[in-house]
Amino acid sequence: MSGAVPAQGGGASQGDFFVCDFFAAVPKHDLATMEHPLFSLSTRPDRRILEYTHNGTDIRITPSVKGRATIFDADILIFCISQLMAAINAGKPTSRHLTLTAHDLLLATGRETSGDGYRRLRDAFERLVGTRITTNIVTGEAETTSGFGLIEAWEIVRQSRAGRMVRVSVTLSEWLYRAVLSKSVLTLNRDYFSLRRPLERRMYELARKHCGRQPVWRVSVGTLLKKSGSTSPRRVFRAMLRDIIARDGLPDYSASEVPGDLIEIRPREVIERPDRAPQISTQAMDQARSLAPGMDVYALQADWLGVWTASGQPALRSPDKAFLGWVKKHHGG
C-alpha cells in the first residue's frame, strides 16, 4: 500500500495516520466488546436503545437511524485492532487514525469483493460511526463514564472510476485505542469469519473470553442469553443453542447442554489431548497477572500453548517457568 492520504477535516495531519499494511496480521479482538453485548445480532436494522448492567458495568447503546452496529460490522474493528497489534509487536509507531485498503479489509474478513460487498462495507462504517456507547467499562487502567461512537469518523479518501471505495481513513475512539495500547485483546481463530450465524459468532467470542484453555466453562442459559445480547425469548434462545450444539461448528470449542439449564463449553484441544498439553499451576497464573497487568491470563496461556504446539510440542522440564518466561518476554511491563 502507498502512503497514507489524510481525511479532509478529520483533525489529523498526514503524519498522524497509521497505514494498515501488515498482511495476514493475526486476528485480534478487544476484551470489552467480547465480554459485553455491544453489537446487534439482528439481521434487520435494530433501532432499539439497549441498557445493560452486569457485575458493576453499565452500558447504554443508542443506535442511529441506520440501526445499531451488528456483530458482522465488528469485523472492521477486528481488522483495525489486528493491524495495530501487529505494529505494536513489531515495535512500530501507531495512531488511532488509520488508513486502510478496502479490498484488504474485505479479503481479511472473508467478505465478497463484489460491488455489493463494497456497498455493505460502506453501510457497516455508517452503523459503526452512528452507534453511541455510554459506559463505565475499564480499558487499560482507566475507569471513566463516557460516551463515544464505536468509531469516531471514517472517510473515503480514494475511489475507483466505478465509484467503489479504494482507500478509507478510520478514526477509532480513544476508548478502543486505549484498549489496544494496553493489549487488552485476544487472538481469534481465522475461522471466526466463516461463521455466518450471529449467535454462533457471539458464542465463540464468549467462549474465547471466558474459557481460554480452562477444562470447562459452565454458564446458565439465562446468563448466556443476557451476555449474548439476543432479544429472543428464553425458550427460543434455548432452541437456538441446541441447534448450535448439534451443528458443532464453533472453532476451538465444543458446547453441550447439562442438567440445571446449563451450558458447558470446553476447548477441543483439552478434550482431545488432556494428557499432552503442559499444565500451568494456579500460582504461575497469578504471577502472569502481575507480569502482564490488565491482560487475560487464560488468553495468554492459550497463545503460549499455540506457540508450544507450533514448535512441535517439546517436553518441558518446568511448564510454569517456560510459560512465565514467555509472558515476561512478550508481554511484560
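Going along each chain's sequence as written, the residues are numbered from 1 onward. In view of the model being predicted, local features appear only for residues whose pLDDT reaches at least 70, and side-chain atom pairs are presented and counted only at 80 or more, with totals across whole chains, interfaces and linings using the full set of residues. Values shown for side chains rest on all heavy atoms present in the structure; no hydrogens or waters enter the calculation.

Before going further, it helps to examine the overall build of the protein chain. For the protein chain, the count of helices and strands is 12 helices and 15 strands. Here's how the labels work: a residue is buried when its accessible area is under 20% of the maximum for its type, exposed when over 50%, partly exposed in between, all with a 1.4 Å probe on protein chains only. Here the protein chain holds 333 residues, and 50% of them are scored as buried. Residues count as neighbours in contact if any of their non-hydrogen atoms are within 4.5 Å of one another. Contacts in the protein chain between residues at least 24 apart in sequence constitute 66% of all its contacts with a sequence separation of at least 6. For the protein chain, the exposed surface amounts to about 15,400 Å²; the carbon and sulfur share of it is 49%. Only DSSP runs of H or I with at least four residues qualify as helices, and only runs of E with at least two residues qualify as strands; both kinds are numbered from the N terminus onward. In these tables, accessible area is a Shrake-Rupley quantity obtained with a 1.4 Å probe, and a residue counts as shielded only by the protein chains included in the view.

For the rest of this paragraph, the subject is the sheet that holds strand β3 (residues 50–54). Pairing in this open sheet of 4 strands is antiparallel, and the strands run β3-β4-β6-β9 from one edge to the other. With partners counted over all chains shown, the strands left at the sheet margins are β3 and β9 (146–149), one partner each. Each strand axis lies, on average, 20° off the axis of its neighbour in the sheet, ignoring direction. Any two strands with at least two DSSP bridges between them are considered paired. Relative to strand β4 (residues 57–62), β3 is paired through 5 bridges, and the arrangement is antiparallel. Note that in β4 the partner of Tyr52 across the bridge is Ile59. Every axis corresponds to a line fitted to the C-alpha atoms, with the helix fit spanning only the stretch in contact, and the corresponding angles, defined between N-to-C directions, vary from 0 to 180 degrees.

Turning next to the pairing of β4. Taking every second residue as pointing to the same face, the buried face of β4 carries Thr57, Ile59 and Ile61, while none of Asp58, Arg60 and Thr62 on the other face is buried. Hairpin geometry of β3 and β4 is characterised by an intervening segment of 2 residues between the two adjacent antiparallel strands and by a positive phi of about 50° at Asn55. Direction of pairing for β4 relative to strand β6 (residues 132–135): antiparallel, over a ladder of 4 bridges. Bridge pairing in β6 places Arg60 opposite Thr134.

With antiparallel pairing, 3 strands are arranged side by side in an open sheet as β13-β15-β14. Each edge of the open sheet carries a strand with a single partner, namely β13 (217–220) and β14 (253–258). Neighbour to neighbour, the strand axes of the sheet diverge by 25° on average, direction disregarded. Where β13 and strand β15 (residues 262–267) come together, 4 bridges link them in antiparallel fashion. Note that in β15 the partner of Arg218 across the bridge is Glu264. Against the sheet, helix α6 (residues 198–210) contacts β13, β14 and β15, and its axis sits at roughly 95° relative to β14.

A few words now on the side chain of His97. Along the polypeptide, His97 turns up in strand β5 (residues 97–101). The buried category is assigned to His97, whose relative accessible area is 11%.

Look at helix α7 (residues 221–228) against helix α8 (residues 234–247): their axes get within 10 Å of each other, and the N-to-C directions meet at 90°. Looking at the two axes, α7 sits roughly perpendicular to α8. Contacts from Val221, Gly222, Leu224, Leu225 and Ser228 of α7 reach α8 at Arg234, Phe237 and Leu241. Classes in brief: Ala, Val, Leu, Ile, Met, Phe, Trp, Tyr, Cys and Pro nonpolar; Asp, Glu, Lys and Arg charged; the others, Gly included, polar. Residues that form the contact of α7 with α8 fall into these classes: 5 nonpolar, 2 polar and 1 charged. Relative orientations are named as follows: roughly parallel for angles under 35 degrees, roughly antiparallel for angles over 145 degrees, roughly perpendicular for angles from 65 to 115 degrees, and oblique for any other angle.

A few words on the nonpolar core. In this description, a nonpolar core means a group of buried Ala, Val, Leu, Ile, Met, Phe, Trp, Tyr and Cys residues linked to one another through side-chain atoms lying within 4.5 Å. Core analysis: the biggest nonpolar cluster contains 76 residues, and Phe39, Phe125, Leu172, Met203 and Leu224 have the highest contact counts within it. It is helix α2 (residues 74–89) that contributes the most residues to this core, 11 residues altogether. Contact partners of Phe39, with chain neighbours within four places excluded, come to Thr33, Arg68, Ala69, Thr70, Ile71, Ala74, Leu77, Leu128 and Leu150. Counting 15 residues, the second-largest nonpolar core is a separate cluster that includes Leu305, Phe323, Leu324 and Val327.

The salt bridge criterion pairs a side-chain nitrogen of Lys or Arg with a carboxyl oxygen of Asp or Glu, the two atoms within 4 Å. Counted by the stated rule, this structure contains 26 salt bridges. In this structure, the salt-bridge partner of Arg48 is Asp46, at a minimum N-O distance of 3.0 Å. The buried category is assigned to Asp46, whose relative accessible area is 5%. Between Asp46 and Arg68 there is a salt bridge, with the nearest N and O atoms lying 3.4 Å from each other. Placement of Asp46 in the loop between α1 (31–35) and β3 and of Arg68 in the loop between β4 and α2 is noted, with a sequence separation of 22 residues between them. We classify Arg68 as buried; its relative accessible area is 4%.

With that settled, the discussion passes to the environment of Met295. By the element assignment, Met295 lies in the loop between α10 (282–291) and α11 (297–310). Residue classification places Met295 among the buried residues on the basis of a relative accessible area of 14%. Along the sequence, Met295 and Leu186 sit 109 residues apart, while their C-alpha atoms lie 8.9 Å from each other. When near neighbours in sequence (up to four residues on either side) are disregarded, Met295 contacts Ser182, Lys183, Leu300 and His331.

The next thing to look at is the packing of aromatic side chains. For this analysis, a ring pair means two rings from Phe, Tyr or Trp (six-membered ring only for Trp) whose centres lie within 6.5 Å, classed as stacked if their planes differ by under 30 degrees, edge-to-face if by over 60, and tilted for the remaining angles. Per the stated rule, a full pass over the model turns up 6 aromatic pairs. Where Phe148 meets Trp175, the ring centres are 4.9 Å apart and the plane angle is 20°; that geometry is what we call stacked. With Phe148 in strand β9 and Trp175 in helix α5 (residues 174–181), the pair connects residues that are 27 residues apart, well separated along the chain. You'll find Phe148 and Trp175 in the same group, each marked buried. One aromatic cluster is present, built from ring pairs that chain together Tyr192, Phe193, Tyr204 and Tyr253. Charge over a ring is defined by NZ of Lys or CZ of Arg lying within 6 Å of the ring centre and within 35 degrees of the ring normal. Just above the ring of Tyr52 sits the side chain of Lys226; from NZ or CZ to the centre is 5.7 Å.

Function-wise, these values are silent; they only describe arrangement.
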